[in-house]
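Inside the fold
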Amino acid sequence: MLNERNILAPKIINKYIMRRIIFLTLGFFLLLASGCTSTKPDSVFSLQIKIQNPRVGKIILTQEEDISLKKSKFIDEIKPDSEGYFEQGFDLEPHIYTLDFYGEKKVSLAIDRGQNVLVEVDEEDLDNIKVSGSEDTVKLRSYEKFRKESLDRLVISVREKLKASGDTNNTDAEADGLAEIVNYEKHKTELNAFVKENLADSIALYATSLRWEGDDNLPLFENLVSSFKKKHGDLQITKRLKEKIELLKATSVGGKAPPIEMPDKDGNPTKLEPSKAKYTLIDFWASWCGPCRRESKKIANLFKKYDASDFSIYSVSLDDDREKWLEATEKDGRTWESVSSLKGMETAAAFDYAVTAIPAKFLIDTEGKIVAKNLHGTELEEKLKELLSR
């Protein structure tokens, strides 16, 4: 009589062998798939951090959600192992990210899909952090290096000359003050040329949009955003770039001035009211802005020269210190309407008017239509004379 166990044994063994074959085959293909890419499975990019001389403290990864509004989003707290090593894949969109080391040093990263970013840090030398594995971050760093060099050469040099002469806030130093403004325009032209040549469709382009301004530059920015969208589609930063273009269009000559209501020196809400005069100058300034202070005398003379029904001024201070704002207002003879939220460059009105640097000026008519922008010195005086003679 046949033993039942002997009959079943081959079947059991065959099932076991088949399961092992299926398991090993599946494992082989999974291993093969993971070997085809160096990013983690289901991740858009990976981040690897190697720290020499690690110490206790927080390392925070954030996403620059809205650069213009200076809004960032917390992503993760980086926790290296005892040897200072960290590696993780992130299922996040290509974007601008920031690593904050212990609240002492921030490193910006422009990360695209499929990139494997390596950040090498020596805790004893936070000023010399190395980043590799991300072409876009290399481009962002080259842009920042060029920006600082251009700013030092064209703008800071003029500012230092004024400091050395003791004329930093001298309202009579008009020529040197205008030189700083003119050179800042040259600086922006150099930046735009660098962006067009080197960053066209890179993720790093988003970081440069913080300094986009100027009616004449709109075609350039529109072309850049169009090329960016073709390569990257509708990422969050693509949408932000398109929003920036729309904002620049809205605040160009011919556009409608956005409403403003902010506290005056006594804390009273004060609205921008274009209907008060034929032409109103919206003047963005601050006590710490040398060119703004040096222009005060010229603006004050215009304010005294024309009747209130013809010309008025509405100054928006981008100060964050009330005492310094009021002291400069009094010292410079700014007797017209002056308001401030005391939020510095994060003032909402600065964003609404796409102001990235000061002084910034918008001349509007009784309907709030922008008729001229960023006229300084005699240019502003001549434009007013022309308009009011019609």
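Quick note: structure is the one above.
Here is a short report on the structure shown in this document.

Definitions and limits used
Residues numbered from 1 in each chain as written. Predicted model: local features only at pLDDT ≥ 70, side-chain atom pairs only at ≥ 80, totals over all residues. Heavy atoms only, no water. Disulfide = S-S within 2.5 Å. Buried < 20%, exposed > 50% of the residue type's maximum accessible area, 1.4 Å probe, protein only. Helix = DSSP H or I, 4+ residues; strand = E, 2+ residues; numbered from the N terminus. Pairing = 2+ DSSP bridges. Core = buried A, V, L, I, M, F, W, Y, C linked by side-chain atoms within 4.5 Å. Contact = heavy atoms within 4.5 Å. Axes fitted to C-alpha atoms, helices over the stretch in contact; angles between N-to-C directions.

**Considerations on the state of the cysteines**
- Taken as a whole, this structure holds 1 disulfide when the rule is applied.
- Disulfide pairing places Cys 289 opposite Cys 292 at an S-S distance of 2.3 Å. Here the S-S torsion is close to 75°, and the disulfide linking Cys 289 with Cys 292 is therefore right-handed.
- For Cys 289, a relative accessible area of 4% puts it in the buried group.
- The class of Cys 292 is buried, set by a relative accessible area of 2%.

**Quick word on the pairing of strand β14 (residues 360-365)**
- Most of β14 sits out of view: 6 of its 6 residues are buried.
- By the alternation rule, side chains of β14 split into Ala 360, Phe 362 and Ile 364 and Lys 361, Leu 363 and Asp 365, which are all buried.
- Between β14 and the antiparallel strand that follows it, strand β15 (residues 370-373), lie 4 residues; Gly 368 among them carries a positive phi value of about 85°.

**Re the nonpolar core**
- Formed by 27 residues in total, the largest nonpolar core has its most connected members in Ile 96, Ile 203, Leu 205, Trp 212 and Leu 241.
- Mapped onto this core, the elements with two or more residues apiece are α2 (135-165), α3 (174-198), α4 (205-208), α5 (218-232) and α6 (236-250).
- Aside from chain neighbours lying at most four places away, what touches Ile 203 is Pro 94, His 95, Ile 96, Ala 110, Ile 111, Asp 112, Asp 136, Phe 228, His 232, Leu 235 and Ile 237.
- Val 316, Leu 318, Trp 325 and Ala 360 belong to the second-largest nonpolar core, a separate cluster that totals 25 residues.

**A few points about the sheet that holds strand β3 (residues 71-78)**
- Taking strand neighbours across the sheet as the criterion, the 4 strands line up as β3-β2-β5-β6 in an open arrangement whose pairing is antiparallel. Two strands bound the open sheet, and with one partner strand each, they are β3 and β6 (105-111). Neighbour-to-neighbour, the strand axes of the sheet open up by a mean angle of 25°, direction not taken into account.
- With 7 bridges joining them, strand β5 (residues 95-101) and β6 adopt antiparallel strand pairing. Residue pairing in the sheet places Thr 98 in a bridge with Ser 108 of β6.

**Digging into the environment of Val 107**
- Positionally, Val 107 belongs in strand β6.
- What makes Val 107 buried here is its relative accessible area of 4%.
- Sequence-wise, Val 107 and Thr 137 are 30 residues apart; in three dimensions their C-alpha atoms are separated by 10.0 Å.
- Setting aside anything within four residues of it in sequence, one finds Val 107 in contact with Tyr 97, Thr 98, Leu 99, Phe 101, Ile 129, Val 131 and Arg 141.

Shape is all these values report; function is a separate question.
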